[in-house]
Structures are given as C-alpha cells and as structure tokens.
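# Descriptive analysis of the structure
Here is what each chain is made of, one letter per residue.
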Amino acid sequence: FQILELVSERRWNMKYPTYKWPIRNRYHSSGFTLIELLVVIAIIGLLSTLAVVSLNNAREKSRDAKRVSDVKQVQTALELYFADQNGYPVEAVAVTLGGASDNCFDEDGFVATCDAGGTTYMGDVPNNPTPGGAAYTYTSASGSTYSLTFTLEGATGGLAAGAHTASPSGIQ
C-alpha cells in the first residue's frame, strides 16, 4: 500500500527502485525575502501618495466648480427678483449669504426664513463649501446694481484663483 502511494507521488522510480527523498534546500524556499517585501511596500507607499495628492486636487476643483455654480444660481435668482421688483434687494452693508440670518431669498430680500404666501426666489441660499475660500457676500447700495463676492482656491472655468466679483454684467 505504501509503495502505491510512493508511485503515485512519483517519489519511487520504477526503473531503478530507489526512493527519492524530497529535497528541502534552505536557499530555495518558497517564501519572499525581506528585500522583496520592502520593495513592494515602498512601491505601494509611493502609489498611495500619488493617489492622495491627485484626490486633493480633484476635491479643490470640485469645491471651486460648486462656488461658480452657486454664484450663477444666485445671479439668476437676483435677475428674477429684478424683473418682479424693478430693482435688486438693497443691502448697504455686506450680507453673508447662506448664514442663519440670510438663508432664504424671497420678495423681502435675503431673510432667515421665507414667507409662506410670498414669492420665493431661492429657498436655500448656498454658502461657501469648506475648507478654503471665503463666505459669499452681497451688497447693493442703490438697488440698480449689485456686487456678489466669492473666492476660488484654484483656477477654474476661465477664472484665476483668488477673489472675484459677480455683478449684473457677469463674473470678473
């Protein structure tokens, strides 16, 4: 019975009946060397560092794209208000948009909560995505024009990084 096992494992040579012991050489083991493991760990570390850096750049661009989109939405709501009220909401002192006191935009201008029976131009006024950038501010001394300021972290959509102003004539 043991001979059949040896023949099936090919340790027993039928032509020359001698038993071949399995050779276990300490120099030809099936594991990885320490150097091989360290090289693989270094490569994984380098690739993960590159992935994190590119992910941070993508997040920055995403926040900047949201800022530009938010400002354009506020501009659209201001133009609708202008068409209905024949002027922009008068705010001589800069108002921080999206805060607790200026979270809604209705026929009374930027207010904390919208009236139930009035016209709502923006139910939820957007605020600056964090981190980075500065709060959106709105000013209009006379009601004939307005100034909406915002800050970009990087260049996006043809706009350079830094502070920008939106007005009825567009975004500068």
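Residues numbered from 1 in each chain as written. Predicted model: local features only at pLDDT ≥ 70, side-chain atom pairs only at ≥ 80, totals over all residues. Heavy atoms only, no water.

## A few points about the pairing of strand β5 (residues 137-140)
- Side-chain alternation along β5 places Tyr138 and Ser140 on a buried face and Thr137 and Thr139 on a face that remains uncovered.
- Both strand β1 (residues 91-96) and β5 contribute to a ladder of 3 bridges, which runs antiparallel. Looking at β5, one finds that valine 95 is bridged to tyrosine 138.
- Across 3 bridges, β5 lies against strand β6 (residues 147-152) in antiparallel orientation. When the bridges of β6 are listed, tyrosine 138 appears paired with leucine 148.
- Between β5 and β6, which pair antiparallel one after the other, the connecting turn spans 6 residues, and glycine 143 there sits at a positive phi close to 90 degrees. (Buried < 20%, exposed > 50% of the residue type's maximum accessible area, 1.4 Å probe, protein only. Helix = DSSP H or I, 4+ residues; strand = E, 2+ residues; numbered from the N terminus. Pairing = 2+ DSSP bridges.)

## Concerning the sheet that holds strand β3 (residues 109-111)
- Strand order in the open sheet formed by 3 strands is β3-β2-β4, with antiparallel pairing between adjacent strands. In the strand order of this sheet, the two ends are held by β3 and β4 (120-122), each with one partner. The average undirected angle you get between the axes of adjacent strands in this sheet is 40 degrees.
- Two strands pair when backbone bridges link them, and strand β2 (residues 104-106) and β3 are joined in this way by 3 bridges, in the antiparallel orientation. (Axes fitted to C-alpha atoms, helices over the stretch in contact; angles between N-to-C directions.)

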